Every structure is written in C-alpha cells, then in structure tokens.
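# Remarks on the overall topology
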Amino acid sequence: MAEEYVVQMKGITKVYPNGIAANQGVDLNIRRGEIHALMGENGAGKSTLMKMLFGLEQPTEGEIWVNGEKVNLSSPTVAISKGIGMVHQHFMLVPSLTVAENMVLGMVPKKSGLFIDKKKAVELTEEYSKRFNLHVDPTAKVMDIPVGMKQKVEILKALVRGAKILILDEPTAVLTTQETTELFRELVNLKKDGYTIIFISHKLNEIMEITDRMTILRGGRSMGVHNTSDVTPEVISRLMVGRDVVLKVEKDRAKPTDEVLRVRDLEYVNEWGKKMLDKVSFSVRKGEILGIAGVEGNGQKELVDMLFHLNTPNSGTVTVNGENIIGLSQRDIRKKGVSLVPEDRMLYGIAGAASIQENIISDRCGDKRLNKGLLFDMKAIHEETDRLIQDYTVLCKSRDQRVDNLSGGNIQKVVVAREFSNDPCLIIADQPTRGIDVGATEFIRKKLVELSRSGIAVLLVSADLNEVMELSDSLIVMYGGKIAAYFEETDDLTDSVMGEYMLGLNHQTPDEIRRVCHE
Amino acid sequence: MNKKRSIIFSLVRGTAAILIALAVAALLIFVSSDGAGAGEKLAQTADAMRQLLIGPAFKSSGGISVKNLSDVLAAMIPIVFTGLATCVMFSANQFNLGAEGGIMLGAFVASMVAIYAPLPPVVLPIAAILAGALAVGAMMLIPAVLKAKLGVSEMVNSLMLNYVVLYFIKYLLNSHLADKSKGQIMSYPFQAHAAIPQLIDNGSKLSWGFVVALIFVVLVYLFMYRTRWGYSIRMIGINQDFAMYSGMKVAAVVVLSQVLGGLLAGMGGGIEVLGRYTTFNWNTLPGYGWTGITVAILAGNNPAFVPLAAFFMAYLNKGCNLMSTYCGVPSQLIDILQAVIFVFFAAEQFLSGYRQKLVVKSTQEELKRAAQEAQEKGEVK
Amino acid sequence: MLDLILTPDFFFAILRITAPILFATLGAVVGEKAGVSNIGLEGIMMMSALFGSLTSYWTGSWFVGLLVALIVGVLEALLMGFFAFNLKTDIILTGIAVNMIGSGGTLFLVKVITNITEGKPLASTTSLITAVNQIPSWNIPLIKDIPVVGDVLSGHSILTYIAFLLVFLTWVLLYKTPLGLNIRSVGENPNAAASVGVSVLKVKYIAIGFSGLMAGFGGAFMSMYYAMGWSLDMVAGRGFIALAAQAMGGGEPLGSMLSALVFGFAQALSIKVSSKGIDSNLVTPIPYLVTILGLVVFALVLRSKVKRQHSAAALKEAEKK
C-alpha cells in the first residue's frame, strides 16, 4: 500500500529564524502518476513545503519519504538524485547565459577535461526539446527569449536531470491562455508517460481542470486531501479560509464625472528595442474604477511605471487634473494627488527592517501636522499610525513591530493604509491583492470601491481575471502594447470574450477604443 | 523574539566577540614575547593582559588611576566625532570611508585659522573649529554628489580623497607653512587664545571638547530619530527604492548624509587639535577614521551608543599603549583587536544557533498562549 | 615634456608600474563576477608583501618567498570568505577589517620580528627589510634586440609577463570553462545555480581565493621587485585603485586591463614629473585623482549610452523593424 505513494511528507514543521512558523505538522501524500494540486492562501505554507521537498529548505521537524525510502533532502542535488525536479515561479535561469548553458549548468559536458563542450550541450538541449515537444532555441541568451520559452527551459532542465516527480510552482502566473493550454497538454502527456506532477496554484479554475486530487493548506496546517471530482470551487475556498469567500464584489453602479487622469499617445521602446507601449490613450474619471486587463508582459507594467516616473516614455502626454506629470519626481507626483499601490510591495511598498509606524508615514514625513518645528511631533505620529492600523485592521503586536514580520496580507494593508489615506485624487492599484490571503483581499477590494464612490479615480491593473472583471466598472484590455478593447460595462463580459482580446485573436476598431478617452 | 530576549542575545554576542578578540590578543602576545620558556612567556602574557584590561583604570599599586582614566576620556573625543560621522553615513547605506582624511583636513584648517586669524578670544577657537567642519563638509560634496548624480562608488572616491588630502596637507606644510626653525615638520604655533580650556589640569589633555562631543551625541541622536531628515537618511539606508517611491529626495539625502559626516569629522579634527596640541604636526593619517568605523559598528549605527563604544575602544587603545610602554608589545595590536571585534560583532550568523533556539522558544510560547486564548474563547479548531 | 614621455624607458615603466595593479584588478574582476566584492585586496597585498619578502630573506630563495606570498594571500582571502559567507559579516566590513589587519598587523609583526632577530629596541616607525633575493627579470631572446619595442617589452620581471598573460587566462577561465560558467551564474543568479546543485558557497570561496591569489602576486611584486623589501604604506592604495579599474573596465578582463594601464600611465607620468624637481607631495596624489576622474568619465559614458536608447531615434529604429 505504501508503494502507491511516490512521495510522503509526514508531520512536517518549519520555523524560520524570524519566528514565523511556516508549516505545522503537515502531512502530504502523493500517488504515483497523478497530478496533485497544493492549494492555499499565501502564507499557508505551500511554497515552503515544496522548497523542503526540493531540498532548498530543511524541515525543523518531520520526515520525508520518496519511493518508499526515508530521505534527508539536504540540498537540491540530493532531491534531484531522488528524481525530484522543481520549476520555480521566479525562473532559476542565468540571463546572460544561453539556453543550452542554462540546461547543462551543474552537469557540463567537458572537452579535453578542462573546457566546456558547447556542441554537446546544444545537442543535448535539442534532443530533450524534441523528445518532450517543448520547443526552445539552444543558442539564444536567456535574457532574449520570451517568458513561455523560459518556462519550457525550466521544465526541460528538470527532465534532463532525471526528474520523475515534477513540482510546478504557480506555473501559469506568467502565461497567456494559449500557453497555459499548451502547458496543460504537456503535463497530461507527461502524466501518461508515468511522471508525477505536484501543481501549486491558487487559480481555482485551473485546479479543477487538470488535477486528480488536491491538498489544501491553511495557516501552515493541512486541511486534508480531496479528489478534485468531489469538490466545487466554493467548497475549496471554504476549506481554505473557513467561511464562504465572496467571489463577487458588491457595488452600486458608478457615476463617473470629471476626467482626472489623461493619457494620450503614450509610446515606449525598451532597452532591447521592443516597443512596449504603442500610442496608448485613455482617461480615468472621478468616481470610476477603470481596470487594465491583460496577460502580464503586454505593457501594463511599463504603463504603470510611466505614471509614477519609474521610467520615462519616448513620447506622449500624461496629465492629472490638467497638469503634466511626466518627468516629475515621485514627491511632486504625489503632491498632485496620485497614490500608487505598487506591484512589488517588498521592493517599493515597504522598508522591511523599519517599523510599521515608520512605513506608514513615509509619504507624509514632512507634513506640518506631523512636525513641530524642526522635530517630529511624536504624539501626532503615534495617533495617526494607531488610527490607520485600526481602520485598516492591520494585525500586529505594536506599531513599532518590524513590518516584514507581518504576513503578506498585513504588509499589503500597511501599504494601502498609507496610499489610500493621504487624500489622493487618483489611486493606481497594481496587482493589489496578489499573493495575499482572502481576508485581506476582500478588505482591500471593498476599500477601493468605497474610495472610488467617494469621488476618487481608481486605475486598477490586475492579471487576476476575476479581480479585474468584478472590481472594475469599465475596463481596457492590453495586448502587444496597445489597447485591444474597451468595455464600458463589465456585467455581461464573459471569460471567453476576454480571452480573445487578451490573446490578440480579436481587436476592436480604433473608434471603439477611442471611447475610453471620453472626449 | 521579544525585546528582553533580543537584548540578552546582543549582550551575549558582544561579549563573545570581545572575548575572542582578547584570546587572539593573548595568543599573539604569547607568541611574540621574548621569554625563555613557556612559563616565562605565560607570565609575560599575563602581565601584558593585565596592563591591557586593568591598566587604563587602575594604578599598579591598586588604586584608581585618575590620570589613566582621563587619558581614556580624552582619547574618546576624536573617535566620538568620527563614530557619529560614520553612523550618519552608514545609516544611509553610504560606505563613505573619508572620515579618516576628513578629520585630518578639519584639524589642518582649524590649525590655520588658529595660527593666522586675527580674532579675539572665545571667537577664535569656535571660528577655527567651524572652519574645519565646513571645509570637510565641502570636501565630502565630491564623493557625495558624484554618487548621487552619477552613481560613482563613494567608497573608492572617499578612499582616494584620503590620500589626496594627506599629500595636499603635507605639501602645504612642507613648502609654505612649516616652522623651519624646528627639527620636525610642524606648523607655526597656534595663538595662545585658540586653545580649548582643559577640564582637568593633569596633562591628559581632557578638554571641554569632551563636553562638546557629548552634546553632539545628543544632537545627532535627535537628528537621526526625531527629525524628518534623519528619518529619510535611515529609510534610504534600509530601502532606497521605497524611499524614492514614497517621495523622499534620495539624491539630496545621499549628499546630506555624507556632508553631515564630513562636518562631524571636521569638527572632531578641529576640537582634537586645539584641545590637545599647540601646533599642527600630523604628517600621516591619524587612524581615527578607522576607529570611528569600529565605533559605529559596535554602536549599531545608533548615536546613543557611540559614547559607550568610543569609551570601550579608547580604553583598549590606552591598554595597548601601556602594554607597549611596559611590556614591549607593539601598540599596533589595537588594529588587530579592533578588526577582530568588529568582524565578529557585525557577523549576523555568529551564534545564530543560539539565537534560533531563543526564537523557537519564543514562538512556541506565543503559540501556546494563543491556543489557550482560543480555547478560553470557546472556539475549537 | 612630450620628449620626456615618448621614450622606450617611459613605456617600460608603464608596464612595470601597471603589473601589481593589474594582478589586484584581475582578482577584483573574478570576485565581482561571482558577486563577491573584495575590498580587502589592499590588506592582503600588504600581508603577502611582508611574508613574501621575509621568507625570501630567510630562505635565500625568491621562489619560496613568492610561494609563501601566494599561500598567505589565498589563506587570508579564504578567511575573509568564512566571515563574509558563513558568519554573514557584511563583506565590505570584512574587507575593512582585513585592511586594518593588513596595515596594523604587518607593522606589529615587523616590530616583533625585528626585535627578535636583531636584538635592537623596537623600531618606532617604519623599518626596511632588505631582501637578498628579488624576483628575477627575463631578457626575452630575439625580442630584446628589436629596437624600441625590445626595450619596452624585454627585461621585465617574470611576474610582469605573468600578469599580462593572466588577463588572457582569466578570460578563458570565465568564458570557456565549467568553473567560469558556475562563477558567472553564482554572480548573476545564485538561486539558479543552487537549484541545479552548484554549490554557491564553494564557488564563492574559489572566487575569493582566486582574488587572494592575485593579491598575493601583487604583494610579492611590490616587495620583491618593485621595491627592495617591505615598508609601511608601500602598497599605497593599489588595492583600491584595482577596484576602480575593475569598475571602469565593465568587469571584464580585457577592459579592466586597459583601465589598469591608464593608472599605470598616470603614475609613471607623475614620477617623471617629480624628477623635474617638483615637490613629491604634489605629484604622488596624481594617480588617486586620475582614479576619481576615471570613475567619473566611465559613469558619464555609461549614462550617455543609456540616454541614447531612450531618444526618439531609438523609437524610429523600432518602427523600421
């Protein structure tokens, strides 16, 4: 009976040096030849559990059994030797090296004992590429190839090292719908050939589509294992949080008024000569939430960067309430009433080692009301911080706690507490609920609706289809650096229609698109 | 991990670092002593260690040595200033190592004013010290602006500037400003009323500059933790991207932190030279800048701990000097001691196993408490 | 003035002066490629210089002296690595500590040793150790007879030739060997390297060890050829100039060699100028000033390259495609 399980993780506990208990007594059993989903909110411990299966981390307590044998996965090398391979969410590739060099890293074929046999490396790459039907260009530098190909390289890397058990960490996060379909086809093929696949995701529809069984984690503990055919998305969500998660956002109809943000003919060519923004024009009005949908990599990130001077366009205009914001410093842009919830909260959103208080006042540290002459008015600062912590339900021990000790959801709440509270006229929210727990997600979405209805213009950029469709009042779809579609109403929008525009299979006429300029 | 445990951990770690350094020192002294056999060497080592650890505070007869202690306090003055300067610069993550050249330039400029400026008493020393501070603050604009505008390494630049300053001063001293009547190379004597008055009249040169140093400790602490500029400096040091995105003027603060460091180092130079000497005769870099780095590290970049760290380093330095005088151990041992102490002190993984145990204990306690609370509230998980 | 410079002697001097800087520079290049910033090269050079010349004095053999200098360099670098990689002391601070030990520690050792061997009271400041054996020079047959070129290229110490040869060897190491692949991977994306079983720790140790080896060569060059023995402050910032050369050279072996030559030129020039009777204190800082200027120029060039991409011209190019 035990042999039916190719992987068994028993009673796994992991405590990090900073005190966070990522996993507590988790059991995970994977059957040979199945596609098994590992689900949970962020912070539930999925990634950590898989890192331990791949030898990147060591459990504080517990046992791991592979193929009926107890193992100590002390490093990726050991895990690889046991037939385990991992395809990471953030690709483990070296940009300046070629595909073939990345493939053979750590197992380089040698010429005359000392030098790299480049020809053999290329041959090996081509051989595996053909065998598994994953097309890659062996001599191209990894920094020059598209995202879909990067992922194929990652899968091939695992396969060429003899992996029979593949761990995929959020593999579809960066793929188009088309690429995702391709990926699923490849996974089904691999399953037919006897490979076992562990699939980490929190995209409920994918899990339902491709997996045989699923294990759900919550708060570092396992909530049990289920056959996919026995459950519905609502049931899964309830297991993940313990209550019915509202999948639809309650909001009244938007009544947009004056234009706040005006973007006209924005163009940008990146450092590799690729045109990332092609005459993008749109407007966002007071009282509305305009969503920007699209698969990542179609210019959304570049667009947001332009709006906050993290990058400069080659041409085009951007104004807020009639005043130009291109070329202005972030301080001046904020003075014009613009707030940004950044996509990468650890990079831009917080100073990890600083306290919650220090993080929450970072955009207003020079304000008169928080200063008494040359010195800070500590009482005022404490009051402001406490008020924000309360209003935004930030779960913490004290305002002096290090902000990176908080869970992802609470960190994001600190970020939005700051960005929403300084009386903005325009809020740009970039992937505002990515990687955070359902409770915090719900809170932030509700807040965005509330603020928009109070007269603030909200620009929502999200790769989460559900989010961008439910939360937005109107939305535009970006494809290839252009606006492919503008939908004034989102009520009757279906996934398949969205898919067509997101993949470039369909494109509205210029007249239809121009409606988003509201001129 | 709660606050109490984390303080205990820091103390244990600091003590361990110091003990290791002392062990290294003892070993070196043992190996280099010229006794005949192991027994004699051990006795000499013990002697030397006694001078090192107890000498600065106590006379050989057993009573407290006020002279030695006041020597230690006097030696603190320059390194409090370079320590503060380094704290400010390191807090902004600027690895500007120019406090070394800075303190020398500050001393030189202050000396020039002290010799030649026709100013009345009280005004003269203050003007001299201010001139020294401003000169070094201005000099720090070079690595600071180049870093802020062009991203050039402030570390390499400041290191190069140290050498440039040294030779520039040596040139001026050699050619134009030296008092040729003396055997050594030195400047003309300062005007008598340029000297900073002494706190204790026992030859320790413990001047009122000590009080000024302590005042600046308070001022710099308030600046770093209670003003928006100090806050910007610290935030930029933690995450520069975050600071920029939050609207802080990163370039300006990068420059500010280094210029401030320069002002403090320059001030230290002026106070040291007017409080201790009657003429300017430094012809090599004095080493206060490097000690200042050790002080900043021991103080955790927090100005409040600078006096303690500076006292500790000055105490050890005095001990090494005593060892050199009475036991023949070269005084350069202090450099080795410094390096060992701060390299262990700044090692995050030093005693990490011990820290991990403390953390796990803390977490388990918290979980137990939380579980108890939940049970009391009647929720069964 | 020009006639001072355009002599074979002057070019010979450039190569001779560049060699120790070049060693340290190559050490910095390989280190940085692995993501290891070794600012302790200066201190390691000082230690190697001392141990090398002392050993050669005691054993009477330059070869043994050189060997010891190299071993000391590697060991000191590996110790640095232990603190930086295992104990997680910030590597910049570790480098500063190494420099402190390099300057204070060498003087300490010198005072102790001179006391022991010569029975004199402790030296108060610097002391000179005369090495009986210096690193030999090589008069290359055939080449040495070519007019002008021969005077420039022949007759250098063998270490000088090794230094320039190492530029090529370093390039081969980085781009043609599996170790070089690992080094570049660890420097660019250590997670990627770790995930395929490359030991990031081992590679970093090798890289820092290599930089220590190079610093060992540089130190030996200083005390056993450039000067006749060890003296305080003899390395005089070459370890730091090497960092600048690495930066200016874009982190590549060839570019960094060219940058190192620029500094060699500046120093050779300053020596020539001082021989005209100008105060040495005015002339000695010239290489340091050149370093600052060099870094500025490099940064400006880099900046204009980035600007060019963003102009409308780049836009037009993209449209043409």
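### Re the overall build of chain B
Within chain B one finds 15 helices and zero strands. Each principal axis of the C-alpha distribution contributes one length, and for chain B these read about 90 × 65 × 35 Å. Counting all 381 residues of chain B, 53% fall into the buried class. In chain B, of all internal contacts separated by at least 6 residues, the share reaching a separation of at least 24 is 74%.

### Side note on the overall build of chain A
In terms of helices and strands, chain A carries 18 helices and 24 strands. On C-alpha atoms alone, chain A measures out to a radius of gyration of 24 Å, which is about the 24 Å that the 2.2 N^0.38 rule sets for 519 residues. Based on the C-alpha atoms only, the size of chain A along its principal axes is roughly 65 × 50 × 50 Å. The 519 residues of chain A split such that 48% are buried.

### Overview of the sheet that holds strand β4 (residues 61-66) of chain A
All names here are of chain A. Taken in spatial order, the four strands make up an open sheet running β2-β1-β4-β5, and their pairing is antiparallel. On the outer flanks of this sheet lie β2 (21-31) and β5 (69-71), each paired with one strand and no other. Between one strand and the next, the sheet's axes are offset by a mean angle of 25 degrees, whatever the strand orientation. Sheet topology places strand β1 (residues 5-15) next to β2; seven bridges connect them, and they run antiparallel. Bridging from a neighbouring strand, Met-9 pairs with Leu-28 of β2. Of the strands in this sheet, β1, β2 and β4 touch helix α1 (residues 46-53), which is tilted by about 120 degrees from β1.

### Let's talk about the interface of chain B and chain A
Taken together, the contact pairs 23 residues of chain B with 25 residues of chain A. A per-element tally of the side of chain B that touches chain A places helix α15 (residues 352-376) of chain B first, with six residues. Looking at side-chain class alone, the side of chain B that touches chain A contains 10 nonpolar, eight polar and five charged residues.

### Re the confidence of the model for chain B
One rule of thumb: low pLDDT means the predicted coordinates there are not for detailed reading. Across chain B, pLDDT averages 87, with 95% of residues at or above 70. Across the interface, the model reports ipTM at 0.83; the global pTM reads 0.81.

### Overview of the interface of chain C and chain B
Of the residues lining the interface, 42 residues belong to chain C; the matching set on chain B comes to 38 residues. Residue classes in the side of chain C that touches chain B are distributed as 26 nonpolar, 11 polar and five charged.

### A closer look at the nonpolar core
Counting 373 residues, the largest nonpolar core has Leu-53 and Val-477 of chain A together with Leu-84 of chain B as the members making the most contacts within it. At 16 residues, helix α10 (residues 200-226) of chain C tops the list of elements feeding residues into this core. Residue contacts for Leu-84 of chain B: discarding those within four places in its chain leaves Phe-216, Val-217, Val-220, Leu-264, Pro-303 and Val-306 of chain B.

### Here's the deal with the environment of Glu-188 of chain C
Among the secondary structure elements, Glu-188 of chain C is positioned in helix α8 (residues 178-188). Sequence-wise, Glu-188 of chain C and Leu-159 of chain C are 29 residues apart; in three dimensions their C-alpha atoms are separated by 32 Å.

### Re the packing of helix α12 (residues 288-298) of chain B against helix α14 (residues 333-345) of chain B
Residues and elements named next belong to chain B. Where α12 contacts α14, the two axes come as close as 10 Å, and the packing angle between them is 30 degrees. Between α12 and α14, the interaxial angle falls into the category roughly parallel. For the pair α12 and α14, the sense of crossing is left-handed. Contacts between α12 and α14 pair Thr-291, Thr-294, Ile-297 and Leu-298 from the former with Gln-338, Ile-341, Phe-342 and Phe-345 from the latter. Looking at the contact of α12 with α14 residue by residue, the classes come out as five nonpolar, three polar and no charged.

### Here's the deal with the environment of Ser-33 of chain B
Residues and elements named next belong to chain B. You can see Ser-33 is positioned in the loop between α1 (3-32) and α2 (38-53). Once the C-alpha coordinates of Ser-33 and Thr-227 are considered, the two residues, 194 residues apart in sequence, prove to be 52 Å apart. Residue contacts for Ser-33: discarding those within four places in its chain leaves Lys-41, Gln-44 and Thr-45.

### A word on the pairing of strand β23 (residues 474-479) of chain A
All names here are of chain A. Here β23 lies mainly inside the structure; six of its six residues are buried. Burial of β23 is two-sided: the residues Ser-474, Ile-476 and Met-478 facing one way and the residues Leu-475, Val-477 and Tyr-479 facing the other way are all buried. Where strand β15 (residues 289-293) and β23 come together, four bridges link them in parallel fashion. What sits directly across from Ile-292, in β23, is Ile-476. In this sheet, strand β24 (residues 482-487) lies alongside β23 in antiparallel orientation, the contact comprising five bridges. Its bridge partner being in β24, Ile-476 is matched across the sheet by Tyr-486.

### Description of the confidence of the model for chain A
In the predicted model, chain A carries a mean pLDDT of 87, and 92% of its residues have values of at least 70. This stretch, residues 241-246 of chain A, has a pLDDT under 50; its non-local contacts, to residues over four places away or in other chains, come to nine contacts.

### Thoughts on the sheet that holds strand β3 (residues 35-39) of chain A
All names here are of chain A. The mixed open sheet is built from six strands, whose spatial order is β6-β9-β10-β3-β11-β12. At either margin of the open sheet sits one strand with a lone partner, and together these are β6 (84-87) and β12 (221-227). The sheet shows a mean angle of 20 degrees between the axes of neighbouring strands, direction not considered. On top of the sheet, helix α5 (residues 147-160) reaches β6 and β9 (165-169); it is set at about 170 degrees to β6, its chief contact.

### Here's the deal with the packing of helix α4 (residues 62-86) of chain C against α10 of chain C
All names here are of chain C. For the pair α4 and α10, the least separation of the axes is 7 Å and the interaxial angle reads 140 degrees. In this structure, the crossing between α4 and α10 has a hand that is right-handed. For the contact of α4 with α10, the per-class residue count stands at 18 nonpolar, eight polar and two charged.

### Overview of helix α11 (residues 250-276) of chain B
Between its terminal C-alpha atoms α11 of chain B stretches 39 Å, which fits the 39 Å expected from 27 residues at 1.5 Å a residue. Within α11 of chain B, 25 of the 27 residues are buried, leaving the element largely enclosed by the surrounding structure.

### So, the pairing of β4 of chain A
Bridge analysis of β1 of chain A against β4 of chain A gives five bridges, and the strand direction is antiparallel. Residue pairing for β4 of chain A: Met-9 of chain A is matched across the bridge by Ile-64 of chain A.

### Observations regarding the environment of Lys-144 of chain C
Residue and element names in this part refer to chain C. Mapped onto the secondary structure, Lys-144 falls in the loop between α5 (91-118) and α6 (149-153). Classification of Lys-144 by C-beta neighbours within 10 Å gives partly exposed; the count is 14. Sequence separation between Lys-144 and Gly-155 is 11 residues; the distance between their C-alpha atoms is 7.5 Å. The residues touching Lys-144, leaving out its near neighbours within four places in the chain, are Asn-139, Gly-150, Ser-154 and Gly-155.

Rules used in this analysis
Residues numbered from 1 in each chain as written. Chains lettered and ligands numbered in written order. Predicted model: local features only at pLDDT ≥ 70, side-chain atom pairs only at ≥ 80, totals over all residues. Helix = DSSP H or I, 4+ residues; strand = E, 2+ residues; numbered from the N terminus. Buried ≥ 20, exposed ≤ 12 C-beta atoms within 10 Å, placed from the backbone. Contact = placed C-beta atoms within 7 Å. Rg over C-alpha atoms; globule rule 2.2 N^0.38 Å. Pairing = 2+ DSSP bridges. Axes fitted to C-alpha atoms, helices over the stretch in contact; angles between N-to-C directions. Nonpolar A, V, L, I, M, F, W, Y, C, P; charged D, E, K, R; others polar. pLDDT = per-residue confidence, 0-100. Core = buried A, V, L, I, M, F, W, Y, C linked by C-beta atoms within 7 Å. Parallel < 35°, antiparallel > 145°, perpendicular 65-115°, else oblique. Left-handed = near helix turned anticlockwise from the far one by under 90°. Expected span 1.5 Å × (residues − 1).

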